[in-house]
Structure formats: structure tokens, C-alpha cells
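Structural overview
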Protein chains: 2
Amino acid sequence: MSEGFSFRVTHRDGGARAGELQTPHGLVRTPAFAPVGTRGAVKAVTHRDLLGLGAEMILTNAYHLHLRPGAALVARAGGLHRFIGWDRPILTDSGGYQVFSLRDRRTIDEDGVSFRSHLDGRLQRLTPESATDIQVQLGADIAMVFDECTSYPVSEDQARDSMERTVRWAHRGRERFLAIAGDPCALDGEVTNPGQAQFGIVQGSVYGRLREQSARDTVALGFEGIAIGGLSVGEPVEVMYDVVAATTVMLPDDRVRYLMGTGMPDDLVECVARGVDLFDCVLPTRNARNGQLFTRAGPLSIKQARFAEDPRPPDPDCGCYTCRRFSRAYLRYLFVAGEMMAGTLNTLHNIHFYLDTMRRMREAVVVGSFETFRQRFHETFSRHRRPPLDIF
Amino acid sequence: MSEGFSFRVTHRDGGARAGELQTPHGLVRTPAFAPVGTRGAVKAVTHRDLLGLGAEMILTNAYHLHLRPGAALVARAGGLHRFIGWDRPILTDSGGYQVFSLRDRRTIDEDGVSFRSHLDGRLQRLTPESATDIQVQLGADIAMVFDECTSYPVSEDQARDSMERTVRWAHRGRERFLAIAGDPCALDGEVTNPGQAQFGIVQGSVYGRLREQSARDTVALGFEGIAIGGLSVGEPVEVMYDVVAATTVMLPDDRVRYLMGTGMPDDLVECVARGVDLFDCVLPTRNARNGQLFTRAGPLSIKQARFAEDPRPPDPDCGCYTCRRFSRAYLRYLFVAGEMMAGTLNTLHNIHFYLDTMRRMREAVVVGSFETFRQRFHETFSRHRRPPLDIF
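Since the structure is predicted, the reported quantities are computational estimates derived from the model, not experimental observations.

If you tally the helices and strands in chain A, you get 15 helices and 16 strands. On C-alpha atoms alone, chain A measures out to a radius of gyration of 21 Å, which is about the 21 Å that the 2.2 N^0.38 rule sets for 392 residues. Put simply, 69% of the contacts in chain A that link residues at least 6 apart link residues at least 24 apart.

Have a look at this one:
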């Protein structure tokens, strides 16, 4: 497996990197952000909208797709790319995060996790091996190893137990992946993407020693890429930034680094500064459907009454379809009226903002002006205050 | 008013006509179908999607837009085209149909209708004059006169009373429209589209004599176009076809003929055959969101289990984005999973099917092969039986 998969860093600027992630379904230029299409569709926008916005990869969720429509069905349809009609790179999350979110509906043992389906309550089981098998059948370009996502806050002892289990599971998940790579008949099902790569996940909560041990042990397993998991789960952002910085320095320079489930636009900037190459997050899409638009000035809540007759676009400097074509007044009206188009237009804008921010960062790294970009970004973007709209 | 508005029949084939409807916001080639964007947005698709599909006009609803965000607000924003960001032709329904649908929440008197808003229960009033004022402020290219939509079934006496009131109201609505055209200061608000035209509406239920009287009296008022109202309200399709045929022959040849709120694809074909030029209907969009796709073979219910692993597009002969890119299996999955994308992809297909059917009819009229088109259409399209999928 993992033929046709490669990563190389092409430029550096301080801790920030620009790179090229080659997959069986095409190139992803890093730093990159993958919009989240949990169930095989990014909510409120079509694939062609995503292509138009310049999305080079999407994320889907193996847990959700396994429960419905089923990995075997997807494999029979020729794999995930073919089933969902998206022929660019795809990453499947293993479902570990989702399963551990079920709290009252799951029990963990050394072998794996038993849980009740959120769809029909039926008992399900995931192990490092079965999570691998499911993802091999789905055939995304990147499969994630099955991990235990440590909650926050957690004691160091608990974090160690959890992290060490994740390492043991990573070992089993990797073995399974390599076994199938060596002999596709090892899989009870179809290998739909022989070029699939598998990423390991560093855990260890906020404890530096645990992150170090996890990074060392995970890297040793030879994954094609390394993810940083267990962050954006409630810890202060400064803590998150510190853990990211402390983790990336322990990762091999030639492997792509993926920060899972993060974050706000300023988080992306800070984590690129700390050496992260790849991100995913539901924020731009979910918040769009809740009426929050990301702008250069910070988040803007379109439902506010003060926008009722505001003829300006959400972000006058933005080149997206929504901003070129529609006013805050219309977008507010659509949101208040509950029109589907509110979700679509807001999502188009937010994904554009995220992808555009990534492209600007990449360009800044390439030309060696990342620090200037970073400062300017923070000068206008504020997540905490009411956005200083007068900058427009 | 109505400068820049004109209609001419360019071709005829039997009773069918092809024509050009010129409006202040561009040309509509007839026979034409206007997708319904009741509240200023066609559900599940963007304006640019509609343009891509070749939509030349959309319909919005003055009643809904008056309740929210308000006609005055829209006028202050520069009118409906500007407010919603759609710069092609727009038609506003007066809201008569909606008000009369409220049944228990409205009372009719000779002067107008009082009703409780479906949004907040507040008492509202619409008269032929105020419905005109609202639409002049909205500034669509075509405003509809305020009528009473007769329900079905109804006695001839009741139908006569209702139709005669509609004629009296049409007189008042037209007077008001012409008064504002003569002196924009007559309007307490802004005239946002000086080129707006106003259409009258023929009522009379299924009674030929009443339709005849209504057509004569309505035409006499000098409207720029004439609509046929009070159909598709529960009567058998054959009755609808007969009423349409009996009505169109009484209408002046040089006025555009608009059949309101109709219908199924085969209805469009039969009514074009009977001389109708313009249609609107929620069926392609609403049914799309409910999982019904229109195909050459007839409606297809995408939620059916038999499509779970069907790799074919909904209609293999269709050139729309949905059919070129996605399988029945994926569309069924999206629908069952409740993904927003189901609504969008189904809507794209259905609007394409409707607009494409209109284009084919137009072309057939132009080249004189409408009767052949009509026969071939009915040979494959069936609304009643399970669609004969083996034609694919």
C-alpha cells in the first residue's frame, strides 16, 4: 500500500513549512485545510463548489460511513471516491473520536471498544484491526489509526494509561494495515485504493513527557504521516499551542503533520507557525449554518439586528461568491427566515476564508514573509471582542 | 410603467407558441418555467446554480416578502433584484393564493382580506391596492393583481361570486398600478422598477361561462399579460386541460399567457399544446427535497431500497450535474442520512429536467415538430405507474 503517496517539505520559514503531499488522487499543497464531510458530503455545499473554492482534500468519517451505508457497500461500489463522486484526496478519520464521545454508550477493553450505534442502538464493536479493515474497504487516500482520544482535563496517570493503550492499538492497527498491504486476501472485503497511506496519532493530553513518549513510539511504527490528537477538547488555546510546539519538534521532518479537529482561524496560523502541515475542523461549516461568518476582523454573527439593512458584503475584502454577490442584509434575512440558502452561502464564505487563509500562509512561507503575515493577521482578527467592523 | 416590457409570439405549431418576453431585466424565451423562490431564494440551490441551469426567471411571493423582511425594507435596499442579488427577471405572486390558503385565519370582505400572519399571528390586511403597492415597492418585473383563488370543488354560484369579486379587485388593482405609473408620488414608498408590468388573473373555477366572462373582463383592463388562476387546486388533470384550452382561446394572441402553480412535467407539455407560455410550480423543488426525481420515464422515488446499490445516475440520458456525477446509490444514501446535499442534488436535477423540457418544447415549436415531441414525451413519461426503468 501507500504507493503513490509521498510528502516533501519544499519551503521553510521559521517553524512554518510549505510542502507537497502527493496522494493517489492528486496533490495537496500544504499547509492545507480539509473541509469536513463526515458522512461523505460537506454540509450545504456541493463537491463542485468545493473544487471551485480550491479544496484539495476532504475528510470523512469511517465510523459514520461504516454504520451507514456500510464499508462493504462502499467497497462494492468501487470505494469511497467513486461512491461519493469526489475524485480528489480523501482522509478518513477512524471513528475513535466519535466512539469516545459516546461516553455512556461505550465500554473500552484492551481489545477494543463496544458501543451502541447512534442510529439504531445496535451493539457495535471497533478494534484497531476492524477500524483498519473498514478504512481499507472505504479506500480513502489517508486512513487514520484507531486511537483513544483522551478527554480534558485528565490526570497524568489516566492520560498515560490512555496514551499507552493508543500506542498498543497503533501497533496492532499498523500490523493489520501492513498485513493487508502484503496480502490483500488478508482482508475480508475489497482493497479499493492500493495507494492508501496510514497515519498514526500522538496522544498524551497536555503532559510533555507523555507526548514525547507517544511521539517516539508512534513514529517508530513507520506511519506515512503523523497526527496530533487529543487537542481542541476544551483546553485553553495557549496550552494547545504549547503542546503542538512541543510535539512537532519531536516528529521526523520528512513526515506530514496533521493536527486533528482544529480550529479557529487564528489557531491555524499559530499552529502553522509551530510546524503543522494539515488541518481539519467542523468550525467553518458548522458555524456557517449557525450564522457565524469568519472575516478578516473576526467572527461576525449575521443574525444580529444591526445587519438588517446593511448593504455591505460580510467581508468587503473577500472575493468569494457570497461576498461578491450578497449583502449582510440579505444573508441576515435568509438566516432569520430559516432558508437553506443561508447555510449554503455562509458555508461557501467560511470555507473560502479558511482555504484562502491557508493559501496566504503557504505563499508567505514560500516567499519568507510568514512572520509578517502572522502579525498582520492578528492585528485585524479577534475572536474575543466584537469584531472591529470599522476596519472595513 | 411597463416600459421595456414586451411580448411577441415568434413561432406557432398547432396551439403551441414560442415567444420572446422582454423585461427590464432581460429576455425570457417562452414557453418558460419559472422556479419558485417564495421568500427570495429557491430552496437548496444558489442563484448561480439557477443561471447555470438556464433559468431565465424566478418567482417570489409578495405576501411572504411583505411579512418578512418587509416591502419597504426591500425598496430601501434598492428593490428585490438588488436585495436578493438576482439580476434576471422576477415575477411576484400577489399573495392572494397564500392568504386564501389560510382558511381559518382570514376573513374576506368586498374591500379586501384580513388575516393573521403565519409568522407571529399579528393581524394583517391586504387589498387590491395594498397588494399593488407592495409589489411596486418590491419591483419585480411582473406583478400579479390581487385575486381570490377559488377552491375546488365549488358550486357555480360560489364560483361566480368569487370570480366577479376578482374582476372588481382586478379593476382596482389595475387602477392603482396605473395611478402610480402616472405619478410615482401616489405611492407611499419607492418605485424600484419603473419597467414593471402587471398581469391580470382569469378565475371561474371549472365553469366555461365563468371563465369566458372572467377572461373578457380581465383582458379589458389592459394588463400586460394574463394568468390563468384557480387550477391545480385538486381538480382532475383532464378538467384542468379542458379549462386551459377553453380559456386560452379567449385570450388575445399578443399577450403572454401564464398558468399559475402548474404542474407535473406532462401537464406542462399538455398546457403548452393548449397555448400557455409561462409556468411556475413548486413541484420540481419541493418534491426534490422529498426524494422524488423527475426522469424521462416518470418520477423516481430515490429513497427506495432497490436503489441502495444502483450505480446508475437517476436518469442516464440526463446531462445535469447530478446525473453526470452521482449514482442512485449515493443519492439514496444522502437522502436516508438526511444530508442537505440530497436536497441540493435532487433539486438541481429536477430544475434541469423542467427547464430542459421547456427548451425542448420551444425548439419543437420553432421547427414545427411539437406534436412529435408531445407523443414521444408521453411514450416514456408516466406519472401513475412505477416508472418503466428498463427504458434506460
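By size, the foremost hydrophobic cluster in this structure holds 234 residues, and its most contacted members are F199(A) and F199(B). If near-sequence neighbours (up to four positions away) are discounted, F199(A) is found in contact with I142(A), M144(A), V145(A), F223(A), E224(A), G225(A), I226(A), A227(A) and Y258(A).

Residue and element names in this part refer to chain B. Close contact between helix α10 (residues 265–273) and helix α14 (residues 340–367) brings their axes to 10 Å; oriented N to C, the two are set at 25°. Judged by the inter-axis angle, α10 sits roughly parallel to α14. Where α10 crosses over α14, the handedness of that crossing is right-handed. Residues P265, L268, V269 and V272 of α10 lie in contact with α14, whose contacting residues are F353, Y354, T357 and M361. In terms of residue class, the contact of α10 with α14 is made up of 7 nonpolar, 1 polar and no charged.

To continue, consider the domain arrangement of chain A. Residue and element names in this part refer to chain A. Parsing chain A into structural domains produces domain 1 (6–281) and domain 2 (290–391). When each unit is reduced to the centre of its C-alpha atoms, the spacing between domain 1 and domain 2 is 28 Å. Contacts between domain 1 and domain 2 engage 25 residues on the former and 24 residues on the latter. No other element matches the 6 residues that helix α10 (residues 265–273) contributes to the side of domain 1 that touches domain 2. For the side of domain 1 that touches domain 2, the per-class residue count stands at 16 nonpolar, 3 polar and 6 charged.

Residues and elements named next belong to chain B. Along the chain, E175 turns up in helix α7 (residues 156–182). Look at E175 and you get partly exposed, because 14 C-beta atoms sit within 10 Å. As a C-alpha pair, E175 and L126 span 49 residues in sequence and 16 Å in three-dimensional space.

To continue, consider the interface of chain B and chain A. Contact with chain B, which involves 29 residues of that partner, is made by 29 residues of chain A. Broken down by element, the side of chain B that touches chain A gets its largest block of residues, 5 residues, from helix α13 (residues 328–337) of chain B. Residues of the side of chain B that touches chain A, tallied by class, amount to 17 nonpolar, 4 polar and 8 charged.

This part covers unusual backbone geometry. The linkage connecting Y152(A) with the following residue, P153(A), adopts the cis geometry, with an omega of -5°. Note that P153(A) resides in the loop between β10 (142–144) and α7 (156–182). The amide bond that connects T30(B) to the next residue, P31(B), takes the cis arrangement and shows omega of 5°. With respect to the helices and strands, P31(B) occurs in the loop between β3 (26–30) and β4 (32–35). For S205(A), which is not glycine, the phi torsion reads 50° and is therefore positive. Within the element layout of this structure, S205(A) appears in the loop between β11 (197–202) and α8 (208–219). The class for S205(A) is buried, based on 26 C-beta atoms found within 10 Å. Of note in this structure, S232(B) is not a glycine but carries a positive phi near 55°.

Turning our eyes to something else, we now look at the sheet that holds strand β1 (residues 6–13) of chain B. Residue and element names in this part refer to chain B. Strand order in the open sheet formed by 3 strands is β1-β2-β3, and the pairing between neighbours is antiparallel. The sheet is open, and its two edges are formed by β1 and β3, each paired on a single side. The mean inter-strand angle of the sheet, taken between neighbouring strand axes irrespective of direction, is 15°. Against the sheet, α14 contacts β1, β2 (16–23) and β3, and its axis sits at roughly 115° relative to β2.

At an RMSD of 0.0 Å, chain B and chain A line up after a rotation of 180° and a shift of 0.0 Å along the axis. Put plainly, the chains are arranged around a two-fold axis. A share of 100% of the interface residues of chain B reappears at the interface of chain A, consistent with the copies meeting face to face through the same patch.

Our focus in this paragraph is the sheet that holds β10(A). All names here are of chain A. Reading across the sheet, the 8 strands line up as β4-β14-β13-β12-β11-β10-β6-β5 and stay open at both edges, with parallel pairing between neighbours. At either margin of the open sheet sits one strand with a lone partner, and together these are β4 (32–35) and β5 (58–61). Direction aside, neighbouring strands of the sheet carry axes that sit 25° apart on average. Sheet topology note: the β11/strand β12 (residues 225–228) ladder contains 4 bridges and is parallel. Of the residues in β12, the one forming a bridge with V202 is I228. Those strands touched by α8 are β11 and β12, and its axis lies near 160° from that of β11.

Turning next to the confidence of the model for chain A. Fine structural detail should not be taken from predicted coordinates in areas where pLDDT scores are low. For chain A, per-residue confidence averages 96 on the pLDDT scale, and residues scoring 70 or more make up 97% of the total. Model confidence for the complex is summarised by a pTM of 0.97, with the ipTM given as 0.97.

To continue, consider helix α6 (residues 128–138) of chain A. Residues and elements named next belong to chain A. Buried residues dominate α6, accounting for 9 of its 11 residues. Considered for burial, the residues of α6 that qualify are P128, A131, T132, D133, I134, Q135, V136, Q137 and L138. One or two positions beyond α6, positive phi appears at G139, with a value near 80°.

Criteria and cut-off values
- Residues numbered from 1 in each chain as written.
- Chains lettered and ligands numbered in written order.
- Predicted model: local features only at pLDDT ≥ 70, side-chain atom pairs only at ≥ 80, totals over all residues.
- Helix = DSSP H or I, 4+ residues; strand = E, 2+ residues; numbered from the N terminus.
- Rg over C-alpha atoms; globule rule 2.2 N^0.38 Å.
- Contact = placed C-beta atoms within 7 Å.
- Core = buried A, V, L, I, M, F, W, Y, C linked by C-beta atoms within 7 Å.
- Buried ≥ 20, exposed ≤ 12 C-beta atoms within 10 Å, placed from the backbone.
- Axes fitted to C-alpha atoms, helices over the stretch in contact; angles between N-to-C directions.
- Parallel < 35°, antiparallel > 145°, perpendicular 65-115°, else oblique.
- Left-handed = near helix turned anticlockwise from the far one by under 90°.
- Nonpolar A, V, L, I, M, F, W, Y, C, P; charged D, E, K, R; others polar.
- Domains from an automatic or database assignment.
- Pairing = 2+ DSSP bridges.
- Least-squares fit on C-alpha atoms with pLDDT ≥ 70 in both.
- pLDDT = per-residue confidence, 0-100.

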